[in-house]
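If you want the building blocks of each chain, they are given just below.
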Amino acid sequence: MTIRTSITVNGKDTSREVEARTLLVHYLREELGLTGTHVGCDTSNCGACTVLLDGEAVKSCTVFAAQIHDCNITTIEGAAQADGSFSPVQEGFRQEHGLQCGYCTPGMIMASTALLTENPNPTEEEIRHALEGNLCRCTGYEMIVNAVRWAAENPNFTSGGAK
Amino acid sequence: MSLVGARVLRKEDPNLITGNGQYVDDLQPAGCTSMVFVRSTEAHAKIRSIDTAEALALPGVLAVWTSANIAQLANCPGGLPGLDQPLLAKDIVRFVGEGVAVVVATDRYIAADAAELIIVDYEPLPAVASLSAAMAPGAVVLHEVLGGNTVHFQDFENPLNEAFAAAPRTASLHIVNNRCAPSPIEPNVCLADWGRSGLTLWAAFQAPHHLRNTIAQYFGIPQDSTRVVAPDVGGGFGAKINFVPEFFLTALLSKEIGKPVKYTQTRSECLVAMLHGRAQEHDASVAFDNDGRILALKLTVTQDQGAYPNGTGMGLPVLTTAMAAGCYRIPAVAISWRNVVTNTTPVAAYRGAGRPEASFTIERLIDLIADETGVDPVEVRRRNFIPVDAFPYATHSPLAMYDSGNFAGALDELLKHVNYDELKKEQEKRRQDPAAKLLGIGFASWLEIAGFGPPGSLEAFGHLASWESAQVRIQPDGSAIIFTGASPHGQGTVTTYAQIAADELGIDFDRISVKHGDTAVVPQGIGTMGSRAVAVGGEGVKTASGRVYENAKRIAAHLLEASAEDIIIEDEKFFVKGTPARSVPWSEVAWKSFQPLELPGGMEPGALDSTVFQQVPNFSFPSGAYCCVVEIDRETGGVNIVNMYLVDDCGTVINPLLVEGQVHGGVAQGIAQALYEHMLYDPSGVPRTSTFMDYLVPAASDLPGYITGRINTPNPSNTLGAKGVGESGSVGAPPAVVNAVVDALSHLGVKHIDMPVTPIKVWNILEGAK
Ligand code: FES
Ligand code: FES
């Protein structure tokens, strides 16, 4: 059975006929070619697939594309600022070496972005708690915590559009 | 200004933080199809029949294969002759997760549906899921050709009976080094496209040239038309150096159906199909005097190889026993090892591969000696350290000729951070107060063997050679490209190599790029493993850059009508020392290097292009001193790491930011092994931890912050002085953590706890003491 779903992704309207069982993460990756959102597990434990659904962090492997008709999705490809500057969170990950292989990174950045929207000045403990659902096998997390702190301390960061 | 040693931000990051990385699963060539496995649910069984009819009839299904379709093909490369794993199980399965059939369909959902429709009829056999079960008399035999389950036994040359009999004191431990699943967040993924012009295989792999050489040989096709690409790779930790059936099956099926075939492993498959690590048991005995000085050491390692032994797995106990004495001067060392098959996932390299097991046991023994003699653990270490003036130091093993280190220096540096006396007082105080959490302080002075590079070292594991390739090529505009056979998957090698080259060439860091991971772009290479990317590959970049720079100086000298010896470079300008006013820029030297009329006599165009196959004379020996402080909840048995102090000696640091990242990551995996992770099987061989719900890869909230320090004894085997740091943390952290827990409980008579130190194990000890 197929269903037509219309989803706004990174500010652009998208609309496709999809199978009812199509996961949002596969809609993004395979229908739209937005491959920055990754898959790291099949039990919704790893958070590599985290995107923003109407501003809130969700695991896109636990959502059906057909279920979020008319919703707004932001993926890592839409994380940068309007002028093309990295977002403070993106820049924080770069400044603090918050990534190694980069596979968990899009999910980490989206989850951190949601955290800072809710709590612009989180403590180390709050950051560790908020990122509980996102696994990273490379960094040991301390530099991810530092990256989020960097973003909290530099909320107005801009690179003047330079990428 | 020198870039080597500077905190430089990574060139890799802009792509990776914007979603522009390119991992294998991101590739979707036209006509791409999807392969899905049917994997064995039985640990040991005969396959009576496989019914594929319904699967084949499903619309969208392009092929369904069982072993019958590939009966004439050789088994998967990398195994031991006669004991190797078939690409698909023939008439018997030997572990849960072994591939039984594959389906290729137009998309992954249809392929998964079809796999569900395949019916495999098994006739279960008794299974052996542990070393003790496999070695028990009358145990079922996995491979009839062996006649038993022991693949290989290396006995003691001399069991040191006299040394032990004569010693004032002896102590022994039986240690289980828990089986771990490497679990990179990107599982195994590959994509094969075998068309008229040859085979291209994109693979999440750490050594693409190794795979190219092997896959071409396996299929009997020429290497000129076999290309392997490892694009961005989402972590490896040693698990992505192994040949697994997936690579060969996607290639074969692509050829068969004439379309690209992609395989994307699920996490649940990854936990049982990606090769495991550790899985050793140790019987260790130590003889010592009343002052805690070690007189003799005896170690037998029993290595669980899983169902199908492979070359890397067989090498693990060799590395463990080579490093058995750690950083201590021990007059007599006896080693012995045994490799055994069980009905479990095969075992191979996992971050540290054999060395974490060695450091864990010797560091546990040191604390046991302290416990027996009453000498402080820090003091026992000091009394036994190999002194700084003893290098090069020949050990009991011909593999391990320690070349540098300062073990006492690292411990001194560590103790500057740790307030040891205060902590000991606090520990005593808390023991008296039943409401307080128990406190434990654990040390580990660790040492490992890394920098796999001396001739013969990787050949022993089936690689072509042990050098690493580096090509440095100057473009006509004076920018530089480095081509390396190293194949990074998170290490930041693009950045470190550009730093090294920038210093050697005098070219701006921003005008240097590094290419890797594609055998069509980099013709030869070995790969990234065994902490070798800087100590071997980075040295190659330095050597090649130096050669290019010498030729560039000759061209500059020719243009300036001077002598090359007098030429120096600053700000990308060559000039005669002392006369900077008359200079020639790098860009002009580069441009003219391609113009025969501009070159000095005897020089040919293309002189600013150098390729080296870098060799090194010895392994490297990273070392360090770690201290872990834990608190134990008396009610729950929960262990909480309060502080983790880490002093590393990785020799010269190219980029402190990246070294820090490697240390943190390795320590996190070490803590995970010590407290959380265990790939568990029930007695019938069914894995009990085959999803991320049961296999506990720690999250940010499960791990502490890290306090780091450093000492530097340069590596004498390369001119950089670098030793490598990728595996360090996973070698040093587990003994520090477990020593801390045992220390916290030592007043209850606890001598040892096997990893992972779970709350229930600790709780049982606390309850038992009540
Ligand atoms: S892929 Fe969604 S949580 Fe792991
Ligand atoms: S950077 Fe590799 S998993 Fe997080």
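Residues numbered from 1 in each chain as written. Chains lettered and ligands numbered in written order. Predicted model: local features only at pLDDT ≥ 70, side-chain atom pairs only at ≥ 80, totals over all residues. Heavy atoms only, no water.

Q: Can you tell me about the overall build of chain A, naming the residues and giving the values?
A: A tally of regular secondary structure across chain A gives five helices and five strands. Starting at the N terminus and walking to the C terminus, you meet the elements of chain A as β-β-α-β-β-β-α-α-α-α. Taking 15 Å as the expected radius of gyration for a compact globule of 163 residues, we find that chain A reaches 16 Å, a close match to that expectation. On the principal axes, the C-alpha backbone points of chain A span a range of 45 × 35 × 25 Å. With 163 residues in all, chain A has 56% of them scored as buried. Looking at chain A alone, contacts between residues at least 24 apart form 57% of all its contacts between residues at least 6 apart. For chain A, the centre of its 11 positive side-chain charges and the centre of its 20 negative side-chain charges are spaced 6 Å apart. (Helix = DSSP H or I, 4+ residues; strand = E, 2+ residues; numbered from the N terminus. Rg over C-alpha atoms; globule rule 2.2 N^0.38 Å. Buried < 20%, exposed > 50% of the residue type's maximum accessible area, 1.4 Å probe, protein only. Contact = heavy atoms within 4.5 Å. Lys, Arg positive; Asp, Glu negative; His and termini not counted. Charge placed at Lys NZ, Arg CZ, Asp CG, Glu CD.)

Q: Lay out the interface of chain B and chain A in plain terms, naming residues and giving numbers.
A: Chain B puts 57 residues into the contact, and the matching count from chain A is 45 residues. A salt bridge links Arg29(A) to Asp25(B), with the nearest nitrogen and oxygen atoms 3.3 Å apart. Linking chain B with chain A are 28 residue pairs in polar contact (both at pLDDT 80 or more), by the criterion used here. Those elements that provide at least two residues to the side of chain B that touches chain A are α1 (13-16), α3 (108-117), α8 (267-273) and α17 (656-675) of chain B. Among the elements that take part in the side of chain B that touches chain A, α17(B) stands out by supplying 10 residues, more than any other. Looking at the side of chain B that touches chain A, its residues break down into 29 nonpolar, 17 polar and 11 charged. (Salt bridge = Lys/Arg side-chain N within 4 Å of Asp/Glu carboxyl O. Polar contact = N/O pair within 3.5 Å; in protein donor to acceptor, adjacent residues only side chain to side chain. Nonpolar A, V, L, I, M, F, W, Y, C, P; charged D, E, K, R; others polar.)

Q: Any chance you could break down the packing of aromatic side chains for me, citing the residues and the numbers?
A: Residues and elements named next belong to chain B. Under the criterion given, the structure shown has 22 aromatic pairs over all chains. Every member of this aromatic cluster is reached through a ring pair, and the members are Trp194, Tyr218, Phe219 and Phe248. A cation sits over an aromatic face here: lysine 298 above phenylalanine 156, 5.6 Å from the ring centre. (Phe/Tyr/Trp six-rings, centres within 6.5 Å; stacked < 30°, edge-to-face > 60°. Lys NZ or Arg CZ within 6 Å of the ring centre and 35° of its normal.)

Q: Report on the nonpolar core, specifying residues and quantitative values.
A: Counting 199 residues, the largest nonpolar core has Phe93(A), Phe219(B), Met644(B) and Ile671(B) as the members making the most contacts within it. Per-element accounting of this core gives the leading share, 10 residues, to helix α18 (residues 728-745) of chain B. Discounting residues that sit within four places of it in the chain, Phe93(A) has contacts with Gly98(A), Leu99(A), Thr105(A), Met108(A), Ile109(A), Ser112(A), Ile144(A), Ala147(A), Val148(A) and Ile17(B). (Core = buried A, V, L, I, M, F, W, Y, C linked by side-chain atoms within 4.5 Å.)

Q: Residue-level account of the sheet that holds strand β24 (residues 583-585) of chain B, with values.
A: Residue and element names in this part refer to chain B. The sheet built from three strands is open, its strands ordered β22-β23-β24 with antiparallel pairing. The open sheet terminates on both sides in strands that have one partner only, identified here as β22 (567-570) and β24. Averaged over neighbouring strand pairs, the angle between their axes works out to 30° when direction is ignored. Bridge count between β22 and strand β23 (residues 573-576): four bridges; the pairing is antiparallel. Following the sheet pairing, isoleucine 568 is matched in β23 by phenylalanine 575. Packing against the sheet, helix α15 (residues 533-560) makes contact with β22, β23 and β24, and its axis sits at approximately 60° to β23. (Pairing = 2+ DSSP bridges. Axes fitted to C-alpha atoms, helices over the stretch in contact; angles between N-to-C directions.)

Q: An account of the environment of Glu96(A) is needed here, citing residue identities and associated values.
A: With respect to the helices and strands, Glu96(A) occurs in the loop between α2 (88-95) and α3 (105-118). Spatially, the C-alpha atoms of Glu96(A) and Met143(A) are 5.9 Å apart, while their sequence positions differ by 47 residues. Excluding anything up to four places from it in sequence, Glu96(A) contacts Met143(A), Asn146(A), Ala147(A), Trp150(A) and Arg7(B).

Q: Requested: an account of the domain arrangement of chain A, with residues and values cited.
A: Residues and elements named next belong to chain A. If you check the domain split of chain A, you get domain 1 (2-78) and domain 2 (88-153). Using only C-alpha atoms to locate each centre, domain 1 and domain 2 end up separated by 21 Å. Between domain 1 and domain 2, the contact holds 17 residues from the first and 13 residues from the second. Across the domain 1/domain 2 interface, buried area totals approximately 1100 Å², and carbon plus sulfur atoms make up 64% of it. Its largest share of buried area at the contact with domain 2, domain 1 owes to His38, Thr50 and Ile76, together 41% of the area lost on that side. Summed over the shared surface of domain 1 and domain 2, the number is zero salt bridges. On the surface where domain 1 and domain 2 come into contact, there are seven residue pairs in polar contact (both at pLDDT 80 or more). Contributing elements (two or more residues each) for the side of domain 1 that touches domain 2: β3 (50-53) and β4 (56-59). If you tally residues by element for the side of domain 1 that touches domain 2, the top one is β3, at three residues. Grouping the constituent residues of the side of domain 1 that touches domain 2 by class yields seven nonpolar, nine polar and one charged. (Domains from an automatic or database assignment. Buried area = accessible area lost by both parts, 1.4 Å probe.)

Q: So what's going on with unusual backbone geometry? Residues and values would help.
A: In this model, Phe391(B) is joined to Pro392(B) through a cis peptide bond whose omega is -5°. Turning to its location among the elements, Pro392(B) is positioned in the loop between α11 (377-384) and β16 (393-394). The phi dihedral of Ser44(A) is positive, around 50°, even though this residue is not glycine. The backbone of Glu561(B) sits at a positive phi, close to 50°, despite the residue not being glycine.

Q: Hey, could you go over the pattern of salt bridges for me, with residue numbers and the actual values?
A: All names here are of chain B. Per the stated rule, a full pass over the model turns up 45 salt bridges over all chains. Across the pair arginine 39 and glutamate 246 runs a salt bridge, and its minimum N-O distance is 3.0 Å. Separated by 207 residues along the polypeptide, arginine 39 in strand β1 (residues 33-39) and glutamate 246 in helix α7 (residues 245-257) bring together distant segments of the chain. Like glutamate 246, arginine 39 is buried. One salt bridge in this structure joins lysine 770 and glutamate 767, with 2.9 Å as the shortest N-O distance. Overall, the relative accessible area of 73% leaves lysine 770 in the exposed class. Looking at glutamate 767, the relative accessible area reads 30%, which means it is partly exposed.

Q: I'd love a proper account of the domain arrangement of chain B, names of residues and values included.
A: Residue and element names in this part refer to chain B. According to the domain assignment, chain B contains domain 1 (24-125 + 186-272), domain 2 (280-393 + 404-450 + 620-768) and domain 3 (459-614). The C-alpha centroid of domain 3 is placed 40 Å from the C-alpha centroid of domain 2. On the domain 3 side, the residues contacting the 20 residues of domain 2 number 15 residues. For the pairing of domain 2 and domain 3, the buried interface totals around 1300 Å² over both sides, and the portion due to carbon and sulfur atoms is 60%. If you sort the residues of domain 2 by the area they bury against domain 3, Ile654, Leu658 and Leu720 come out on top, with a joint share of 37%. Applying the counting criterion to the domain 2 and domain 3 interface returns zero salt bridges. On the surface where domain 2 and domain 3 come into contact, there are eight residue pairs in polar contact (both at pLDDT 80 or more).

Q: Could you give me a rundown of helix α14 (residues 493-505) of chain B, with the residues and numbers involved?
A: All names here are of chain B. Helix length check: α14 (13 residues) gives 18 Å between terminal C-alpha atoms against 18 Å at 1.5 Å per residue, within 8%. Within α14, 11 of the 13 residues are buried, which leaves the element mostly enclosed by the surrounding structure. Of the positions making up α14, those classed as buried are Thr493, Val494, Thr495, Thr496, Tyr497, Ala498, Gln499, Ile500, Ala501, Ala502 and Leu505. After α14 finishes, the residue glycine 506 shows a positive phi value of roughly 70°. (Expected span 1.5 Å × (residues − 1).)

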